[in-house]
Structures are given as structure tokens and as C-alpha cells.
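Summary of structural features
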Amino acid sequence: MDAYILGIESSCDDTSAAVLCNNRLLSNVINSQAVHAQYGGVVPELASRAHQQNIVPVVDAALKQASVSPGQLSAVAFTRGPGLLGSLLVGISFAKAFAYTLHKPLIEVDHLQGHILSHFLLQEGKDAPRFPFLCLLVSGGHTQIVRMNGYFDMEIVGQTIDDAAGEAFDKAAKIMGYAYPGGPIIDRLAQQGDPDAFSFSEAHLPGYDYSFSGLKTSFLYFLRDHLRQNPNFAKENAADLAASLQHAVCHSLMRKLIKAANDLHIREIAIAGGVSANSGLQHALRMAAERYHWNIHIPPLKFSTDNAAMIAIAGYYKFLRGEFADISAVPYAR
Ligand code: KG4
Ligand code: ZN
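A brief report on the enclosed structure follows. (Residues numbered from 1 in each chain as written. Chains lettered and ligands numbered in written order. Predicted model: local features only at pLDDT ≥ 70, side-chain atom pairs only at ≥ 80, totals over all residues. Heavy atoms only, no water.)

**Topic: empty space enclosed by the protein**
Where empty space is left in the structure can be found by rolling a water-sized probe over the atoms. For the structure shown, the criterion picks out one cavity of 30 Å³ or more. By volume, the largest cavity amounts to about 40 Å³. In terms of lining, the largest cavity is formed by Ala203, Leu205, Asp209, Tyr210, Ser211, Ser252, Arg255 and Lys256. Here the residues of the lining of the largest cavity sort into three nonpolar, two polar and three charged. (1 Å grid on protein atoms, 1.4 Å probe; cavity = no way out; pocket = protein on both sides within 12 Å on 5 of 7 lines; lining within 4 Å. Points joined across faces, edges and corners; volume = space filled by probe spheres on them. Nonpolar A, V, L, I, M, F, W, Y, C, P; charged D, E, K, R; others polar.)

Written out as C-alpha cells, the structure is:
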């Protein structure tokens, strides 16, 4: 019998709902909150209020686009964490009330697992990764190399000890005067710039861990010094600054990923999370794949940044295992 899963994601600044029939996506509605752009980052209080306004129309639209009635659903999957508590609470409370009144089971999903399992959404002409594989999970809140031994058997091989890669992009863009989220803006600018124009200090931690706070500081001081001499420095050199920063971030991300793949003898490699949309990172991954004979998996843009399809697919695999959540489930921030 087919399983119809409703997924709900509200961990940060995107309110999203998706409907799956088994691993096949029927709808994926995302309302990205525009209110944060002017503040240079996500304002938690505004995010939870916007989720409250969005959640009912977004779920309604997802069900209608999928032509699935609430009664047809097999289960309701929701993001339990990590994320902003006030934002998570809106999605969780809605999911609980919806499932309870419909007498449907609830499934809790970890947001990071969702990002990785998005690779298992059925896509024409694309194979899902085979276990074991390594996934570089790079978003605004996380930067990790994860070894996936099974759908829910994950080992963290390395991770950032301070800022996430997306945070480095967003903060650098903010220093240059751009709105949040800055990652896509840096990516666009970088395509016209010289990656070797400027050099910023990269961290050299032992093992597989990352650090991006030094890079951010180095970028900040570099820009501050030059702006003192020329107030138009950031504008005049925007493309070269973006390309050089992107080069430093991607170089750092790839160096540890290559080391982990070589040391662990794994050639099945995936990337996931918002920063996996970065064209420089995708290019670097393709180059490494050629050199090291990797089989690589890059998510399409609609599945790289936050979305509920990834929550629904993780929910689907939990549904198959009969892993259901309790009505008393509470959100977790980290
Ligand atoms: O996964 P995501 O949507 O939310 C979190 O779970 O954090 O990731 C958002 C992050 C932001 O930092 C955003 O700037 C970054 O992903 N991002 C990008 C690109 N698209 C999104 N960073 C670099 N290049 C991009 N093309
Ligand atoms: Zn995310």
C-alpha cells in the first residue's frame, strides 16, 4: 500500500510543507520569510510570528497541489530540531494538532538528517547514494562531514569548532553591505571575479574539523583597512572580494573532505545543505571527483536550502520502520 507523508519544516526562516507518495514528491511549498533581509540575519521573534501566519496556508497549498486530502495521509512528519525554539514550536504544535485531530501517527525528524536524506527523494535519471557514503553537510548553522552507514546510522567524522560555512558567507556579505542571506549574492558576484585577487587566512586544524571564524576576521580587517584608504573599495572590488572569499571557504571545505574520503576509503560522496548550492563548491567537488574517482551526489537547488520535502522523505523511512513520535515531543535547539 502507498504511504502518503506530510512533511513540515519550520526550524529557521522558511515555512515549508511537502507531500510524498512513498519516495515520490507530490508537492513542496516553501514560504521564505523576507522580513529578515533588512536586519542582516534571522530575527527569532519575527521568524516565529511569520511561521504562525504562514503555516496554515502553506500546509493547505501543499495538500491541494498534491491532490491529497488530509484523511488520505499516512503520517505527519515534522522537524523537531535543531533550530530556533520559537520557530520549531510553531511547526511542532501544528503537526501535533493536525495529526491528533485526524488520528494519524506523528514522526519526528532531525533537520540535519533531513538535509542528507533529501538525496533519497526519487529523481528521474539520478541514483541515490549507496551506503556507506560521506556527506559534506554545509548550511547556515552547520558544517560537518558525516559518514552515512544507513538511513539513520550516521557518524560525525568532523565538524566546525566555531562558525558554519554559510555563516562565513553571510557575515562577509553583511560586512560588504549586502542583505541576508549573503551566500547566494557572494556566489553570483564571485562568478565575475578573480579567486586569486586577495588571500585570506585559512585555518589549519588537525583531523577533519573546520574553523571559519579566523577567515571571517581576516576578511573583516582586510576590508576595514582598505575602506579607510578608499571608501569605495568594497564596491569597486566586489567581484574579486567575493571570488577570493569563496575560494578560501571552498578550498578549506574540500581539503578536509578529500582527506576524510582518502583515509576512510570512501568514494561515494554527497553534499547537502544551503551552501551545497554554491557554484564554486560544486565545481571543486566535480574536479575532486575526476581526480579521485568519486561518485558524487549534488542536490538540485530546491532541495539544498531548507524545505519540507527532505523532512517528508526522512519521515517516510521512519514510517517504514514504524518509528513514531509521541504527542509530548518537544523541540531541541542544538
Ligand atoms: O540549509 P539552509 O537553507 O538553512 C540552514 O539550515 O542553515 O542554509 C542556508 C545557508 C545560508 O547561510 C545561505 O547564505 C547559504 O546557505 N547559501 C549559500 C548559497 N545558497 C544558500 N551559500 C553560498 N552559495 C550559495 N549559492
Ligand atoms: Zn537547513
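Now, onward.
**Let's talk about the pattern of salt bridges**
Where charged atoms from two side chains of opposite charge approach closely, those side chains can pair. Using the criterion set out here, one finds ten salt bridges in the structure. With its nearest N and O atoms 2.8 Å apart, the salt bridge here joins lysine 64 to aspartate 60. With lysine 64 and aspartate 60 both in helix H1 (residues 44-66) and four residues apart, this pair spans about one turn of that helix. A relative accessible area of 59% places lysine 64 in the exposed class. Classification of aspartate 60 as partly exposed rests on a relative accessible area of 36%. (Salt bridge = Lys/Arg side-chain N within 4 Å of Asp/Glu carboxyl O. Helix = DSSP H or I, 4+ residues; strand = E, 2+ residues; numbered from the N terminus. Buried < 20%, exposed > 50% of the residue type's maximum accessible area, 1.4 Å probe, protein only.)

**Describing the side chain of serine 48**
Within the secondary structure layout, serine 48 lies in helix H1. Taking the relative accessible area as the measure of exposure, serine 48 reaches 13% and is therefore buried. A polar atom in the side chain of serine 48 sits 3.2 Å from the backbone oxygen of glutamate 45. Not counting residues within four places of it along the chain, the set of residues in contact with serine 48 comprises Gly86, Ser87 and Val90. (Polar contact = N/O pair within 3.5 Å; in protein donor to acceptor, adjacent residues only side chain to side chain. Contact = heavy atoms within 4.5 Å.)

**Some words on the packing of aromatic side chains**
With the rule as written, the count across this model stands at 17 aromatic pairs. Each ring, one from phenylalanine 120 and one from phenylalanine 133, has its centre 6.2 Å from the other, and the planes form 45 degrees; the classification is tilted. Of this pair, phenylalanine 120 sits in the loop between helix H3 (111-117) and strand S6 (133-138) while phenylalanine 133 sits in strand S6, and the two are 13 residues apart along the sequence. A residue is classified by how much of its surface remains accessible, and phenylalanine 120, at 6% relative accessible area, is buried. Judged by centre distance (6.0 Å) and plane angle (65 degrees), the rings of phenylalanine 222 and phenylalanine 233 are edge-to-face. Linking phenylalanine 222 in helix H6 (residues 213-229) with phenylalanine 233 in helix H7 (residues 233-236), this pair joins segments that are eleven residues apart in sequence. Following the ring pairs from residue to residue traces out a cluster consisting of Phe120, Phe131, Phe133, Tyr151, Tyr316 and Tyr317. The ring centre of tyrosine 178 lies 6.0 Å from the NZ or CZ of lysine 235, which sits over that ring. (Phe/Tyr/Trp six-rings, centres within 6.5 Å; stacked < 30°, edge-to-face > 60°. Lys NZ or Arg CZ within 6 Å of the ring centre and 35° of its normal.)

**Things to note about the coordination of the zinc ion (ligand 2)**
Taken together, the protein donors to the zinc ion (ligand 2) comprise His111 (NE2), His115 (NE2) and Asp306 (OD), at separations of 2.0 to 2.2 Å. Donor residues for the zinc ion (ligand 2), ordered by position in the chain, follow H-x3-H-x190-D. Linking histidine 111 in helix H3 with aspartate 306 in the loop between helix H10 (301-304) and helix H11 (309-321), this pair joins segments that are 195 residues apart in sequence. The same class applies to histidine 111 and to aspartate 306, which are both buried. (Donors = N, O, S within 2.8 Å, 3.2 Å for Na, K, Ca; no water.)

**Side note on the site of ligand 1**
For ligand 1, the set of nearby residues contains 19 residues, the closest of which are Gly140, Asp170, Asp187, Asn278 and Asp306. Take serine 139: an N or O atom from its side chain is 3.5 Å from an oxygen atom of ligand 1. Between an oxygen atom of ligand 1 and a main-chain N or O atom of glycine 166, the distance comes to 3.4 Å. Alone, ligand 1 offers 560 Å² of accessible surface; in the complex the protein occludes 90% of this. Only H3, helix H4 (165-175) and helix H5 (183-190) provide two or more residues apiece to the shell around ligand 1. (Near = heavy atom within 4 Å. Areas by Shrake-Rupley, 256 points an atom, 1.4 Å probe, with all protein chains shown as cover.)

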